[in-house]
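Coordinate analysis (summary)
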Amino acid sequence: MSNLKQKLYEELALKNLLANTGVGFDPKIFTQIGSSHAESVHCLFDYSVDEHVGVNIPPAFVLPHGLITLLKADNRSPYRLERDADRFIITQGGNEITEVTFIKRPKYYDLKTTDGTPMKNVAVYGSDGVIFIAYSNECSLKESGKDCLFCNINHTKATYGEVEGINWKYPKQIGETVAAAYKEGGRHLTISGGFVPERREVEYYLDVAESIKEHTGLEDFNGTACIGAPHDLSVISKYKEAGYRTLATNIEVWDRNFFKAYCPGKEELCGGYDHWIKSLKHSVNVFGRGRVRSNLVGGLESKQSTLEGLEYLADAGVIALAPAWNPNNGSALEGHRSPEAEWHLDLAYRNAAILQKHGYTYEQLYDAYANSQTLVHDIYRIENELLPVFNSNEVLEEAF
Ligand code: SF4
């Protein structure tokens with residue numbers, strides 16, 4: 001193995017550690033966040049332990065060889081993000097362990113839609129051309145107490161919604177924002193959100209696709225529609241006809257009894273565990289192998305069970321990933337502990353090996369997933385030498 005790959009695997013282990021333990025910091029150090037560099041925009045879930053209402057903090061930081069780590073704010077962590085003159089560093093016990101940089105702010109974050117809505121509130125920029133749209137930051141499962149036990153979608157809206165203006169997104173707003181983001185280099189989007197009362201999401205997703213096509217001029221806009229398994233499986237072809245390249249239905253846990261316990265609403269409203277699997281298989285028939293994605297929350301059940309799920313789904317044509325469970329504030333599991341960082345790193349290596357064994361490419365992974373910075377994405381990029389650092393001795397700060 002080359003020295004560079006060795007360094008990248010070490011960096012991957014550090015990324016995994018910092019993402020799991022979080023980092024503490026004084027937000028006053030972030031003077032350039034929200035101007036030259038991107039600020040965190042709340043959308044769907046918040047992973048931080050320390051809440052930061054009305055304070056600009058970065059969504060992520062970039063390690064020296066280019067791996068990007070989600071910023072989880074937690075002042076209980078032994079790791080601190082500090083400023084040293086013009087440099088930002090991670091320290092442990094007062095000793096520097098690495099330097100970090102931040103993601104550049106996309107220009108569309110300064111723009112507004114024609115109805116005056118800030119575009120940054122419509123579509124959040126991740127990195128590497130990936131944008132994410134949560135049409136709603138509410139899940140109707142909450143009303144019946146059947147929301148997933150690990151989820152804090154409603155809590156995130158209750159905490160940040162008023163200050164940040166987290167509202168329902170309309171198709172025209174999305175079309176205009178995607179057009180602006182794609183002009184700057186955006187090349188993949190995911191539309192997601194909580195359950196809509198009465199499961200009226202199909203019509204909405206079709207309207208959104210029409211608007212994106214109208215405003216971008218693209219027939220294939222490389223979009224992922226993330227939905228709950230529909231009762232009537234015949235509607236799945238409508239998403240494909242509307243122009244979505246990929247479809248996501250997240251089963252979250254593989255053991256059927258755990259599914260019932262952790263996802264009571266998905267169990268009751270989507271025809272149960274077996275129907276969820278049937279829906280995924282039907283989606284593969286419609287969209288094609290490697291064009292359907294499902295997520296498992298790594299750490300909610302035994303590693304063995306998760307691996308069985310990853311293997312089964314990959315064999316069935318589904319790209320399935322199991323990123324680390326973070327016990328989010330406001331979720332029913334707040335205060336619980338996720339497995340140790342090493343547990344998650346081992347799972348990620350095995351997850352990547354399963355996908356590779358079944359022949360899935362990095363491009364399929366990129367197109368199917370809502371962000372491009374999971375550990376599995378990194379393993380693919382290291383093994384296939386797809387990171388900018390392989391083309392340059394200098395590691396470029398992540399740019400849009
Ligand atoms: S379906 Fe579950 S994971 Fe999805 S938003 Fe609702 S509660 Fe959260």
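Note that this is a predicted model, so its numbers are computed, not measured.

Here we come to the overall build of the chain. Secondary structure assignment for the chain yields 12 helices and 12 strands. The C-alpha atoms of the chain give 20 Å as radius of gyration, which agrees with the globular expectation for 400 residues (21 Å, within 12%). Along the first, second and third principal axes, the C-alpha set of the chain runs to 60 × 50 × 40 Å. In the chain, which comprises 400 residues, the proportion classed as buried is 49%. Look at the contacts in the chain between residues 6 or more apart in sequence, and 75% of them connect residues 24 or more apart.

Turning next to helix α1 (residues 3-21). Spanning 19 residues, α1 covers 27 Å between terminal C-alpha atoms, matching the ideal 27 Å at 1.5 Å per step. Of the residues making up α1, those classed as buried are Leu 8, Glu 11, Leu 12, Lys 15, Asn 16, Leu 18, Ala 19 and Asn 20. Along its buried surface, α1 packs onto β2 (68-70), β3 (79-84), β4 (87-92), α10 (341-357) and α12 (375-383). Residue Gly 22 follows α1 closely and has a positive phi angle near 75 degrees.

Looking now at the packing of α1 against α12. Where α1 meets α12, the closest approach of the two axes is 11 Å, and the angle between their N-to-C directions is 175 degrees. Comparing their axes, α12 and α1 come out roughly antiparallel. Across the interface between the two elements, Lys 5, Leu 8, Tyr 9, Leu 12 and Asn 16 from α1 touch Leu 375, Asp 378 and Ile 382 from α12. Of the residues contributing to the contact of α1 with α12, the split by class is five nonpolar, one polar and two charged.

This part covers the site of the ligand. As a matter of local geometry, the ligand sits amid Cys 139, Leu 141, Asp 147, Cys 148, Cys 151, Ile 153, Gly 194, Phe 195, Gly 265 and Lys 266. Split into classes, the residues belonging to the shell around the ligand amount to six nonpolar, two polar and two charged.

Between two packed helices, both the angle of their axes relative to each other and the distance between the axes serve to describe the pair. Between α1 and α10, the shortest axis-to-axis distance is 9 Å and the interhelical angle comes to 130 degrees. Relative to α10, the element α1 lies oblique. Crossing angle aside, the handedness with which α1 passes α10 is right-handed. Note on element contacts: α10 touches α1 through Ala 341, His 344 and Leu 345, opposite Ala 13, Asn 16, Leu 17, Asn 20 and Thr 21. Here the residues of the contact of α1 with α10 are counted per class, giving four nonpolar, four polar and no charged.

So, about the nonpolar core. Formed by 112 residues in total, the largest nonpolar core has its most connected members in Ala 123, Ile 131, Phe 132, Ile 133, Val 178 and Val 253. Of the domains in this structure, domain 1 (3-100) and domain 2 (107-391) are the two that each give at least three residues to this core. When neighbours within four sequence positions are excluded, Phe 132 is seen to be in contact with Cys 43, Ala 123, Val 124, Gly 126, Thr 190 and Ala 370.

We now examine the domain arrangement of the chain. Structurally, the chain comprises domain 1 (3-100) and domain 2 (107-391). On a C-alpha basis, the centroid separation for the pair domain 1 and domain 2 is 23 Å. The interface of domain 1 with domain 2 comprises 27 residues on the first partner and 34 residues on the second. Here the residues of the side of domain 1 that touches domain 2 are counted per class, giving 16 nonpolar, seven polar and four charged.

Read across the sheet, seven strands follow the order β6-β7-β8-β9-β10-β11-β12 without closing on themselves; strand pairing throughout is mixed. Of all strands in the sheet, those bounded by a partner on one side alone are β6 (124-125) and β12 (318-321). In the sheet, β6 pairs with strand β7 (residues 130-134) via two bridges, with the strands oriented antiparallel. Paired with Tyr 125 across the two strands is Ile 131, which belongs to β7.

All right, on to the sheet that holds β4 then. What the three strands build is an open sheet, ordered β3-β4-β5; its pairing is antiparallel. In the strand order of this sheet, the two ends are held by β3 and β5 (95-100), each with one partner. Pairwise comparison of adjacent strand axes, ignoring direction, gives a mean angle of 35 degrees for this sheet. With six bridges joining them, β3 and β4 adopt antiparallel strand pairing. What sits directly across from Arg 80, in β4, is Thr 91.

Criteria and cut-off values
- Residues numbered from 1 in each chain as written.
- Predicted model: local features only at pLDDT ≥ 70, side-chain atom pairs only at ≥ 80, totals over all residues.
- Helix = DSSP H or I, 4+ residues; strand = E, 2+ residues; numbered from the N terminus.
- Rg over C-alpha atoms; globule rule 2.2 N^0.38 Å.
- Buried ≥ 20, exposed ≤ 12 C-beta atoms within 10 Å, placed from the backbone.
- Contact = placed C-beta atoms within 7 Å.
- Expected span 1.5 Å × (residues − 1).
- Axes fitted to C-alpha atoms, helices over the stretch in contact; angles between N-to-C directions.
- Parallel < 35°, antiparallel > 145°, perpendicular 65-115°, else oblique.
- Nonpolar A, V, L, I, M, F, W, Y, C, P; charged D, E, K, R; others polar.
- Near = placed C-beta within 6 Å.
- Left-handed = near helix turned anticlockwise from the far one by under 90°.
- Core = buried A, V, L, I, M, F, W, Y, C linked by C-beta atoms within 7 Å.
- Domains from an automatic or database assignment.
- Pairing = 2+ DSSP bridges.

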